[in-house]
Amino acid sequence: MVELLFYSKERVISHKLTEGQSIIIGRNLNNMNGVTLIDEGVSVTHASITFIKGSVNVCDLDSTNGTFADGKRVQAGSLASAVSEIRIGPVRVEIRRTASAHTSSSSPTKGLDELLATRSEVVIGRMTDCDITLDESTVSKRHARIFKKDGVVYVEDLGSTNGTYKNRQRIKGRTTLGPNDVLNIGLTSFQLGREIKRYGNESAITVENLEKIFPDGNIGLHPCSFDVPKGSFVA
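No experiment lies behind these values; they were computed from the predicted model shown.

J.: For this particular structure, what's the right way to read the sheet that holds strand S12 (residues 121–125)?
T.: Backbone-to-backbone hydrogen bonds join strands into a sheet, with any given pair of strands oriented parallel or antiparallel. Pairing is mixed in the open sheet, where five strands are placed in the order S13-S12-S14-S15-S18. The open sheet has two edge strands, strand S13 (132–133) and strand S18 (174–176), and neither has a second partner. Both S12 and S13 contribute to a ladder of two bridges, which runs parallel. Across the sheet, the residue bridging to Ile-124 is Ile-132, located in S13.

Given below as structure tokens:
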């Protein structure tokens, strides 16, 4: 797991990545999951950062003022691998490696039943003040809540970007949650009567040397490679 520290002009922004995850960095992400930097010199969608096989990789998304990896400018559409420091336009990004991932603010082994026995609702999201905190780029700050009413358990999506899925179907608003239902949020699976389970980090799709060259010879995308982790949802 790595922690990315963005030294923005206004504040320092922290974002954690676990194996196989990626984020977009820009000035206006239009509800995309990622890090928003309002600093002058940061493009609307500036760059992407991935953490794969223990290495941090950065790809410039045709930014105006450039993306720099270890002091060298990354060519637009190209991927710089195994970097130790990044600069997004004027914003320095420090990379810190941490020992393990934080899966739940309560306990990674507690099930929903145990949590619901001690509180009226369980809020799941990326924020540290949630009952269950998931450090995943596909999880919204306050993603969903699970609560019990008149002996019935309900799950409610809180307007998340990438959705809450019950039995592989995206839910709208609130719906009941029974003992045989499987709930998926990002890479994490929930089921009543069972422990919270996180999917493995193996890749479902591996893309190597992807490039785009137009008929007139102009390059739309320089060769780059990336992995899509198993259990993730790609729009």
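Continuing now.
J.: Would you mind going over the packing of aromatic side chains with me for this structure?
T.: When we look at a pair of aromatic rings, we describe it by the centre distance and by the angle of the planes. One pass over the structure, following the stated rule, counts one aromatic pair. An angle of 15° between the planes, with centres 5.4 Å apart, marks the rings of Phe-147 and Tyr-154 as stacked. When its relative accessible area of 22% is taken as the criterion, Tyr-154 is described as partly exposed. Across from the ring centre of Phe-147, 4.0 Å away, lies the NZ or CZ of Arg-145, which sits over that ring.

J.: Got a minute to help me understand unusual backbone geometry in this structure?
T.: Generally, phi is negative for residues other than glycine and the peptide bonds are trans, each holding for most cases. In this model, Asp-62 sits at a positive phi of 60°, which is unusual for a non-glycine residue. Checked against the element boundaries, Asp-62 lands in the loop between strand S6 (55–60) and strand S7 (67–69). With a relative accessible area of 61%, Asp-62 lands in the exposed category. Even without being glycine, Asp-70 reaches a positive phi, approximately 50°.

J.: When you look at the nonpolar core in this model, what are you seeing that I'm missing?
T.: Grouped burial of nonpolar side chains is what soluble globular proteins tend to show. Counting 24 residues, the largest nonpolar core has Phe-6, Leu-37, Ile-49, Val-58 and Ile-86 as the members making the most contacts within it. Within the residue set of this core, elements represented by two or more residues are strand S1 (2–7), strand S2 (12–17), strand S3 (22–26), strand S5 (47–52), S6, strand S10 (85–88) and strand S11 (91–97). The residues touching Phe-6, leaving out its near neighbours within four places in the chain, are Arg-11, Val-12, Ile-13, His-15, Ile-23, Ile-25, Val-35, Leu-37, Ile-49, Val-91, Arg-92 and Val-93. With 19 residues, the next largest nonpolar core counts Leu-115, Ile-171, Leu-183 and Leu-192 among its residues.

J.: Explanation requested: the pairing of strand S15 (residues 152–157) in the structure shown.
T.: A regular strand places its side chains on the two faces of the sheet in alternate fashion. Bridge analysis of strand S14 (residues 144–149) against S15 gives six bridges, and the strand direction is antiparallel. Residue pairing for S15: Arg-145 is matched across the bridge by Glu-156. Where S14 folds back onto S15 in an antiparallel hairpin, the turn is made up of two residues, including Asp-150, whose phi is positive at roughly 55°. Direction of pairing for S15 relative to S18: antiparallel, over a ladder of three bridges.

J.: Explanation requested: the sheet that holds strand S21 (residues 197–198) in the structure shown.
T.: Pairing is antiparallel in the open sheet, where five strands are placed in the order S17-S16-S19-S20-S21. Looking at strand neighbours, the two that pair on one side only are strand S17 (169–170) and S21, the edges of this open sheet. Note that strand S16 (residues 165–166) and S17 share two bridges and pair antiparallel. By the bridge assignment, Tyr-165 is partnered in S17 with Arg-170.

Definitions and limits used
Residues numbered from 1 in each chain as written. Predicted model: local features only at pLDDT ≥ 70, side-chain atom pairs only at ≥ 80, totals over all residues. Heavy atoms only, no water. Pairing = 2+ DSSP bridges. Helix = DSSP H or I, 4+ residues; strand = E, 2+ residues; numbered from the N terminus. Phe/Tyr/Trp six-rings, centres within 6.5 Å; stacked < 30°, edge-to-face > 60°. Buried < 20%, exposed > 50% of the residue type's maximum accessible area, 1.4 Å probe, protein only. Lys NZ or Arg CZ within 6 Å of the ring centre and 35° of its normal. Core = buried A, V, L, I, M, F, W, Y, C linked by side-chain atoms within 4.5 Å. Contact = heavy atoms within 4.5 Å.

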